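Here are the chains, one letter per residue:
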Amino acid sequence: MAIIGAGQTKYGDYPNKGVKELFAEAYFEMLQSVDQGLEPQQIQAAYIGCLSAGSGFQLGQLAPLLMGHVGLPSVNAVRIENACGSGGYSLHTAACAVASGKYDLVIAAGVEKMRDVSSSKGRYWLGVSGDTEYERLAGSTFAGIYALMAARYMHDFGMQREHLSMVAVKNHRNAVANPKAQFRKEITMEQALKGVPVAHPFNVWDCSPTTDGAAVVLLCNAKLAKSFTDKPVYLRGFGAASDYLAIHDRNSITSLAATQKAAAEAYKQAGVGPRDIDFAEVHDCFTIAEIMAYGDLGFCKVGQGHKLLEEGYTRPDGKLPVNASGGLKAKGHPIGATGCGMAVEIFKQLRDEAKEPSRQIKNARFALSHNVGGSGGTAAVFVYQRGD
């Protein structure tokens, strides 16, 4: 199958826009990107990721609300919720729908309003994605859970505090040239090391922000793709997997089994391996999450992710650029939109359409996106290929 159109809002703080307005902005940008034109009535289904829709604004029937707002009230529309992986799972569900032969043209989308509630209510809505009985009601936060992972990773594999900051510095630098990013400002290593403490070993620079935003991609039966665009991006492989929700039930907290299983499935379907990937967008909700992802996705051995940072392997000029968009850390993390936003970034990169030329990844053929739900209870991985 192929992606023939993609659009997203700039990520950030939008006090004067609701989920309907954000979704519409991304949707109409997607329509404009279909270079040979598309009649909206040709769209047959929509799968829209969202955790809370503004922490309670519209928890039920959100998807038909949004599709009606853009003039498509009769399209089969379904909301997908899988915590921070909601956008990735909307893309996975849409891909399955096209692969089954049921539909030829399907929207995968995500939207979230995180900036219109108090910090305490925001923490509550984030916390509901963890294990309620043993984690949330015991007082833990996602920062605390990932901090435990980071501390154990440091203990087991010799990672230093500075390695975490390397992720933050790299991704903030990458975001500077991305017009869709929430934080377009570089930080120094000194700043990254001296941020306000959050949960040891994390400080504020190790944590992704709360963000408003939306992203929309249009999936198409590959046989029809060239009738809509001369430059389709093919979705060659996709996988998804789950794991125990509470981290104390897992065999390890220094890798995510769900990511490993989802990646293996995606690579197998695509007929490629980690060494074939030219660049990747990975789930860096916290700096340790990106480092763990390097190993879980097969870019290095598990436990050796911090060494890739030392070597400059994942910088924009490295062998495998990771999070050229700025990642969740600096591009932003509007929970339901994040997974689809990764696909939008890859769509534009593989079509050589990154708006700021300085951040265009050259001569890339294969790309990967990786979206995690919560602390690893779910994960979805996708492999894309340039269409020419």
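Right above here is the structure, for reference.
In this text, all values refer to a predicted model and were calculated from it rather than measured experimentally. (Residues numbered from 1 in each chain as written. Predicted model: local features only at pLDDT ≥ 70, side-chain atom pairs only at ≥ 80, totals over all residues. Heavy atoms only, no water.)

S.K.: Kindly report on the overall build of the protein, identifying the contributing residues and their values.
M.R.: Along its length, the protein carries 14 helices and 11 strands. Taken along the three principal axes of its C-alpha coordinates, the protein extends 55 × 45 × 35 Å. Going through the 388 residues of the protein one by one, you find that 61% of them count as buried. Long-range contacts, defined as pairs at least 24 residues apart, comprise 78% of the intrachain contacts of the protein with a sequence gap of at least 6. Of the roughly 14800 Å² of accessible surface on the protein, 51% is carried by carbon and sulfur atoms. Taking the average location of the 39 positive side-chain charges in the protein and that of its 37 negative ones, the two points are 2 Å from each other. (Helix = DSSP H or I, 4+ residues; strand = E, 2+ residues; numbered from the N terminus. Buried < 20%, exposed > 50% of the residue type's maximum accessible area, 1.4 Å probe, protein only. Contact = heavy atoms within 4.5 Å. Areas by Shrake-Rupley, 256 points an atom, 1.4 Å probe, with all protein chains shown as cover. Lys, Arg positive; Asp, Glu negative; His and termini not counted. Charge placed at Lys NZ, Arg CZ, Asp CG, Glu CD.)

S.K.: Go over the pattern of salt bridges with me, naming the residues and quoting the values.
M.R.: On inspection of all chains with the given rule, the structure shows 15 salt bridges. In this structure, D243 engages R250 in a salt bridge whose closest nitrogen and oxygen atoms are separated by 3.8 Å. When its relative accessible area of 9% is taken as the criterion, R250 is described as buried. Here R315 makes a salt bridge to D317, at a shortest N to O gap of 3.2 Å. A relative accessible area of 40% places R315 in the partly exposed class. Judged by its relative accessible area of 61%, D317 is exposed. When salt bridges with common partners are traced through the structure, they connect D35, K231, R351 and E353 into a single cluster. (Salt bridge = Lys/Arg side-chain N within 4 Å of Asp/Glu carboxyl O.)

S.K.: Describe in detail the nonpolar core, supporting the description with residues and values.
M.R.: Formed by 50 residues in total, the largest nonpolar core has its most connected members in Y146, Y267, F286, I288, L297 and V383. Only α7 (142-157), α8 (161-175), α10 (257-270), α11 (287-296), α12 (305-311), β10 (366-373) and β11 (378-386) provide two or more residues apiece to this core. Element by element, the count of residues in this core is highest for α7, at eight residues. Ignoring sequence-local partners within four residues, the contact set of I288 consists of Y146, M149, A150, Y153, M159, L164 and F202. Counting residues in each nonpolar core, the second largest holds 37 residues, with I80, A97, I361 and A367 among its members. (Core = buried A, V, L, I, M, F, W, Y, C linked by side-chain atoms within 4.5 Å.)

S.K.: Hey, could you go over the packing of α8 against α11 for me, with residue numbers and the actual values?
M.R.: Where α8 meets α11, the axes come as close as 8 Å, and the angle between the chain directions of the two elements is 100 degrees. The angle between α8 and α11 places the two elements in the roughly perpendicular class. Here H163, L164, V167, A168, K170 and N171 of α8 lie close against α11, whose contacting residues are T287, I288, E290, I291 and Y294. (Axes fitted to C-alpha atoms, helices over the stretch in contact; angles between N-to-C directions. Parallel < 35°, antiparallel > 145°, perpendicular 65-115°, else oblique.)

S.K.: Can you lay out the sheet that holds strand β2 (residues 45-49) for me, pointing to particular residues and giving the numbers?
M.R.: Read across the open sheet, the nine strands follow the order β3-β2-β4-β7-β1-β8-β11-β10-β9; overall the sheet is mixed. Looking at the sheet topology across the chains shown, the edges are occupied by β3 (76-80) and β9 (279-281). Between one strand and the next, the sheet's axes are offset by a mean angle of 25 degrees, whatever the strand orientation. Contacting β8 (233-242), β10 and β11, α10 runs over the sheet at an angle of about 150 degrees to β8. (Pairing = 2+ DSSP bridges.)

S.K.: Which residues make up helix α1 (residues 19-33), and what values do they have?
M.R.: Over its 15 residues, α1 runs 21 Å from end to end, which matches the ideal 21 Å to within 8%, given 1.5 Å per residue. Regarding α1, the residues found buried are V19, L22, F23, A24, A26, Y27, E29, M30, L31 and S33. (Expected span 1.5 Å × (residues − 1).)

S.K.: Can you break down a nonpolar patch on the surface residue by residue, with the values?
M.R.: On the surface, a nonpolar cluster with roughly 250 Å² of combined accessible area is contributed by V196, V198 and V204. Tracing the backbone shows V196 in the loop between α9 (189-193) and β5 (197-199). What makes V196 exposed here is its relative accessible area of 58%. (Patch = residues over 30% accessible without salt bridge, like charges linked within 9 Å, V, L, I, M, F, W, Y side chains within 5 Å.)

S.K.: Give a description of the environment of E162 that names residues and reports values.
M.R.: With respect to the helices, strands and loops of the structure, E162 is situated in helix α8. A residue is classified by how much of its surface remains accessible, and E162, at 37% relative accessible area, is partly exposed.

S.K.: An account of the pairing of β11 is needed here, citing residue identities and associated values.
M.R.: Of all nine residues in β11, nine are buried; the element is thus mostly enclosed. Neither face of β11 is exposed, since T378, A380, F382, Y384 and R386 on one face and A379, V381, V383 and Q385 on the opposite face are all buried. Bridge count between β8 and β11: nine bridges; the pairing is antiparallel. Opposite G239, over in β11, you have V381 as the bridge partner. Judged from the eight bridges that link them, β10 and β11 form a sheet pairing that is antiparallel. By the bridge assignment for β11, L368 is matched with V383. Counted between consecutive antiparallel strands, the loop separating β10 from β11 contains four residues, among which G374 sits at a positive phi close to 60 degrees.

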